[in-house]
Amino acid sequence: MTEKGTTLRLLIMGPQGVGKGTQAALLSKHYGIPAISTGDIFRYNLKNKTELGKQVQEFIDRGALVPDELTNKIVKDRLAMDDAKDGWILDGYPRNAAQVSALDTMLEELGTPLNHVVALEAARSILLERMQKRAVEEGRSDDTPEVIAKRLETYEKETSPLLDVYESRGQLVVVDGVGDIESINQRIIQSLN
Ligand code: AMP
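Residues numbered from 1 in each chain as written. Predicted model: local features only at pLDDT ≥ 70, side-chain atom pairs only at ≥ 80, totals over all residues. Heavy atoms only, no water.

Peer 1: Just give me the short version of the pattern of salt bridges, but keep the residues and values in it.
Peer 2: In the structure shown here, the tally under the stated rule is 11 salt bridges. With its nearest N and O atoms 2.8 Å apart, the salt bridge here joins D77 to K73. Separated by 4 residues within a single helix, D77 and K73 lie in helix α4 (residues 68-79), roughly one turn from each other. Its relative accessible area of 51% is what places K73 among the exposed residues. Within the structure, one salt-bridge network assembled from shared partners comprises R134, D142, D143 and R151. (Salt bridge = Lys/Arg side-chain N within 4 Å of Asp/Glu carboxyl O. Helix = DSSP H or I, 4+ residues; strand = E, 2+ residues; numbered from the N terminus. Buried < 20%, exposed > 50% of the residue type's maximum accessible area, 1.4 Å probe, protein only.)

Peer 1: Could you give an account of the UniProt feature "binding site: ATP" (unreviewed entry) in the chain, with specific residues and numbers?
Peer 2: Per the UniProt record, "binding site: ATP" (unreviewed entry) is found at G17, V18, G19, K20, G21, T22, R134 and G179. Relative to the assigned elements, G17 resides in the loop between β1 (8-13) and α1 (20-31). Aside from chain neighbours lying at most four places away, what touches G17 is L127, R130 and M131. Checked against the element boundaries, R134 lands in helix α6 (residues 124-138). (UniProt positions renumbered as here; feature names shortened; annotations may be inferred. Contact = heavy atoms within 4.5 Å.)

Peer 1: Talk me through the site of the ligand; I want residue IDs and the actual numbers.
Peer 2: Every one of the 16 residues lining the ligand counts as a neighbour, but T38, R43, A64, G92 and Q99 are closest to it. R43 is positioned with one of its side-chain polar atoms (N or O) 2.9 Å from an oxygen atom of the ligand. Contacts to the ligand include A64, whose backbone N or O atom sits 2.6 Å from an oxygen atom. Contact with the protein chains hides 96% of the accessible area of the ligand, taken as 470 Å² for the molecule alone. The leading source of residues in the shell around the ligand is helix α2 (residues 38-47), at 4 residues. (Near = heavy atom within 4 Å. Polar contact = N/O pair within 3.5 Å; in protein donor to acceptor, adjacent residues only side chain to side chain. Areas by Shrake-Rupley, 256 points an atom, 1.4 Å probe, with all protein chains shown as cover.)

Peer 1: So what's going on with the sheet that holds strand β2 (residues 35-37)? Which residues, and what values?
Peer 2: Taken in spatial order, the 5 strands of this open sheet run β2-β3-β1-β4-β5, and their pairing is parallel. Bordering the open sheet on either side are β2 and β5 (172-176), each of which pairs with just one other strand. Each strand of the sheet is rotated relative to its neighbour by a mean of 25°, with strand direction disregarded. As paired strands, β1 and strand β3 (residues 87-91) are joined by 5 bridges and run parallel to one another. Across the sheet, residue L8 finds its bridge partner in β3, namely G87. Docked against the sheet, α1 engages β1, β2, β3 and β4 (116-121), running at close to 165° with respect to β1. Docked against the sheet, α2 engages β2 and β3, running at close to 60° with respect to β2. (Pairing = 2+ DSSP bridges. Axes fitted to C-alpha atoms, helices over the stretch in contact; angles between N-to-C directions.)

Peer 1: Please set out unusual backbone geometry residue by residue, giving values where relevant.
Peer 2: Of the consecutive residues Y93 and P94, the connecting peptide bond is found in the cis state with omega at -5°. Its location among the elements puts P94 in the loop between β3 and α5 (97-110). Not every positive phi belongs to a glycine, and K49 is a case in point at roughly 50°. If you trace the backbone, K49 turns up in the loop between α2 and α3 (51-61).

Peer 1: I'd like a description of the packing of α2 against α3, backed by residues and values.
Peer 2: Packing of α2 against α3 leaves a shortest axis separation of 8 Å and a crossing angle of 115°. Taken together, the axes of α2 and α3 are roughly perpendicular relative to one another. Of the two possible hands of crossing, α2 and α3 adopt the one that is left-handed. Taken together, the residues of α3 that come into contact with α2 (itself represented by F42, N45 and L46) are L52, G53, V56, Q57 and I60. (Parallel < 35°, antiparallel > 145°, perpendicular 65-115°, else oblique. Left-handed = near helix turned anticlockwise from the far one by under 90°.)

Peer 1: A description of the UniProt feature "binding site: AMP" (unreviewed entry) in the chain should follow, citing residues and the corresponding values.
Peer 2: Taken from the UniProt record, the annotation "binding site: AMP" (unreviewed entry) applies to T38, R43, A64, L65, V66, G92, Y93, P94, R95, Q99, R140 and R151. Spatially, the listed residues are scattered: they cover 114 residues, and their C-alpha atoms lie as much as 24.8 Å apart. Counting through the fold element by element, R140 comes out in the loop between α6 and α7 (145-159). Excluding residues that lie within four positions of it along the chain, R140 makes contacts with R43, R134, A135 and R151.

Set out below in structure tokens:
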């Protein structure tokens, strides 16, 4: 249960560089539920050179989506873990229409409906600035200018249309992602109340 005594299952969506990971971590602490990032799971596997890491490397390196079979399985296994039974925040999933359907099926099977979808928004110039800063700080292999551009393009084409899907289901909460980290966090919490 979260601090408010309710179960909370949340998606956090938005383009690369909008601050999804940062906000997911803060929400995880605030509500006492795990933040699950498919990107982080992939990066962990890349770093540790696991079989999965080897399978996903080429997709991540060119800023393309990892095939759905691999991604869906990771999420399905993770959502079934014990610490996810009272809620979770999914960061970076779903990213295309097929993943929305896969998630719908998983949640139906688990009997755990989604509560809200938080969409963080920021202008492209701000996203580029933040990603360039992160490239220097974290040295991610997919934070080169070419791959950044490709990832934003993939987002626009495949992921941003999903916001309309969740809007039509009445689950979308749009939050301004510009400002300091703490104010954005307060904005999200207020809009979820
Ligand atoms: P992220 O840190 O969320 O931007 O993810 C980094 C990279 O991991 C992406 O550019 C994709 O190659 C891959 N990835 C993360 N999440 C997904 C997903 N839901 N579906 C497919 N590929 C993903």
